[in-house]
Amino acid sequence: MLFLIRFAFKNIWRYKRRTIITFIAISVGIVLFVFTDSMLKGFHYESVRNFIDYESSHIKIYNQEFYDEMSDEGFLLLDKGIENYKKVQDIISTEDISVTPRISFNARMINERIGGERPFTVIGIEPDMDKNVYSLKESIDSGRYLKTDEYGVIIGKMAAKKLEVKIGDMLTILTRTKYDTYQAISVEVVGIINPPNPQISRSVAYIPLDIAKRDLDMEGDITEIGIRAKDDDIEDLLDDISSELKSNNMGYLTAVSWRELGKDWLTLSRTKTAGSYIIILVIFIIAAVGVINTMLMSVFERIKEIGMMRALGMRDNEILWSFIFEGAAIGLFGAVFGVVIGLLVNAYQVYIGFDWSFMTNMDVDIGYRIMDVVKGVWNPESFIFAATFSILAPALISIYPSLKAIRMEITESLRTA
Amino acid sequence: MGALVSVLDLKKDYKVGETVVHALRGMDMEIEAGEFTAVAGPSGSGKSTLLNLIGCLDTPTEGKVLINENDVSHYSKKELANIRRESIGFIFQTFNLIPILSAFENVAFPLSLLHWDSEKIQNNVNQILKDVGLEGMEDRYPRELSGGQQQRVAVARALVKEPTIILADEPTANLDSNTGGDILDLMRELNEEKGATFIFSTHDPMVMDRARRLINLKDGMIHSDERK
């Protein structure tokens, strides 16, 4: 067997140029596969992180009717809020979670200085509690974080650019109260945030919860409670909270996980991932065609030699194995080269990352919650899969032409030119 | 003690399209160990077919081929491969060396198939390369050797495992007459020194002249069989 392996390794250098082209095809396939896999996983993890940190928290509690209307139509019905939310907080509070109340409503924001106007989702937050659940405070780019009971607003950097506002500018929030009457709230821009979540940066503004309660006639109601757990695995916690709500006669409330809240973009993300893997599959098929070509040619060009080796007493299974080893050897060299380059490219992606702001700055929803630089993820399985596939595929591909060659009569093989 | 090779009422038919070609039409002959035999005859007379059957590369339509009194006519592919591997050496008209292997490696190839240990391979290959006049050329690749030198490598490859029979299919056909003569002298020396049995197919009068036995074929039958 060792002799056959040595023979196979010698044979791959028989046609150097063809072999090198095949190595390169395999290597490029591996590099693209591990790079794309790392990138997509990076996009996904980063998106999940940014979705939880800036939008969904781990679990949200809503009035069921509010949640249904928000999910189906995108309307935020202030008259379907959570009454006596402090009691809800008391019921669900444990040492392992942080909670915060919020009021979310739709509004139009007008720059009082120049008159520009844009639609926004405005969220009333309790500054001291909110920072334990969401990451707004850490993303302050200029100005400062909100204070309780001030007519101040924090908006995202992309929104600030669109509205052409800066710290100290006045904005008018045009909306409707809980009783559907028009309301205009004048607020000063106290902070501009630069969150790594384009949805937040583009179209969400934050004001103090007290102001929202008062100016929207909420009478103490809020629209949601955000809950932060110690880790992302919150299924048991979700069940516990749902049970607690039911057993305390709060069946009109619903607890919703971040997975449920993000199901639209998670589906989109999965679709994009599947699409990307199809592209990778096509690249792999192109590489495989190169390998098939190499193996077919290397067998069919050696029919006479195969006949001679059989005449010298080489058994059919030895010939078959020598070509399987030859295919595997080509795959092995391609895999080693591809994995080394893949490691280098991916190391750059994992530790430094690539800037994707050209996509996020286009003012369109790309599905992912990412901004600027996104780092990749080490996924040893993708390297192992790509390398194994690269070695096994040429080895298996070589079986067909080899079988064809050894099924020929020896005398016929020897007559081949 | 019987003959090394016995051919009994040997027939071989080929189908070419709808036509059946009778390559051998019932041939009987014996070859003793140590003979230096040329099989001659015009194209289509059955020379190559006879060598292929003796060399276990093909199986007869009818009749028997006995090697060392063993009837190989109905052996399986694997059994035939084993006989070729252990007992038969081949020399081809077009040398048929493996281009990616050096002269040494080409000669060592049949020994590797027999799983000889590397020291024994080293000794035998070096000795036979010396015997065929290629000492110092062990590391050369076929492309770096002349036609005559390549055929010497092929002779060494056929002889290195000390087979019972060496079959040579027109071994001088691709060589100029001087080189062909040298190769024939070499094979005759090896026949005399080592007692190796050679069977050639040939058109070449020089080969016929130097053979100690000349079998002439015509239309798939033995036309004449002359020992010198």
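Rules used in this analysis
Residues numbered from 1 in each chain as written. Chains lettered and ligands numbered in written order. Predicted model: local features only at pLDDT ≥ 70, side-chain atom pairs only at ≥ 80, totals over all residues. Heavy atoms only, no water. 1 Å grid on protein atoms, 1.4 Å probe; cavity = no way out; pocket = protein on both sides within 12 Å on 5 of 7 lines; lining within 4 Å. Points joined across faces, edges and corners; volume = space filled by probe spheres on them. Helix = DSSP H or I, 4+ residues; strand = E, 2+ residues; numbered from the N terminus. Domains from an automatic or database assignment. Pairing = 2+ DSSP bridges. Contact = heavy atoms within 4.5 Å. Axes fitted to C-alpha atoms, helices over the stretch in contact; angles between N-to-C directions. pLDDT = per-residue confidence, 0-100.

1. Side note on the layout of surface pockets
- Size it by volume and the largest pocket reaches roughly 910 Å³.
- Lining the largest pocket are 31 residues, and of these Phe51(A), Glu55(A), Met70(A), Leu261(A) and Arg369(A) sit closest to its centre.
- Looking at the lining of the largest pocket, the elements that each hand over two or more residues are helix 2 (16-56), strand 1 (59-63), helix 3 (64-73), strand 2 (98-111), strand 3 (117-125), helix 7 (198-203), helix 10 (258-261) and helix 11 (263-300) of chain A.
- Both domains that furnish three or more residues to the lining of the largest pocket are identified here as domain 1 (2-51 + 265-415) and domain 2 (59-231) of chain A.
- Estimates place the volume of the second largest pocket at around 680 Å³.
- Elements with a contribution of two residues or more to the lining of the second largest pocket: helix 17 (410-415) of chain A together with strand 2 (19-31), helix 1 (47-54), strand 6 (88-91) and strand 7 (165-169) of chain B.

2. Re the sheet that holds strand 5 (residues 70-71) of chain B
Residue and element names in this part refer to chain B.
- On the basis of which strands lie adjacent, the open sheet formed by four strands has the order 2-1-4-5 and antiparallel pairing. Edge positions in the sheet fall to strand 2 and strand 5, since each of these pairs with one other strand and no more.
- Pairing geometry for strand 1 (residues 5-16) and strand 2, over ten bridges, is antiparallel. The partner of Ser6 across the bridge, within strand 2, is Glu30.
- Contacts from helix 1 reach strand 1, strand 2 and strand 4 (62-67) within the one sheet, and its direction differs from that of strand 1 by about 120°.

3. With respect to the confidence of the model for chain B
All names here are of chain B.
- In this model, chain B carries an average pLDDT of 90, and 99% of its residues clear a pLDDT of 70 or more.
- By mean pLDDT, the top-scoring element of chain B is helix 3 (residues 103-113) (95), and the lowest-scoring one is helix 6 (residues 177-194) (84).
- Overall fold confidence for the complex sits at a pTM of 0.77, while the interface term, ipTM, reaches 0.91.

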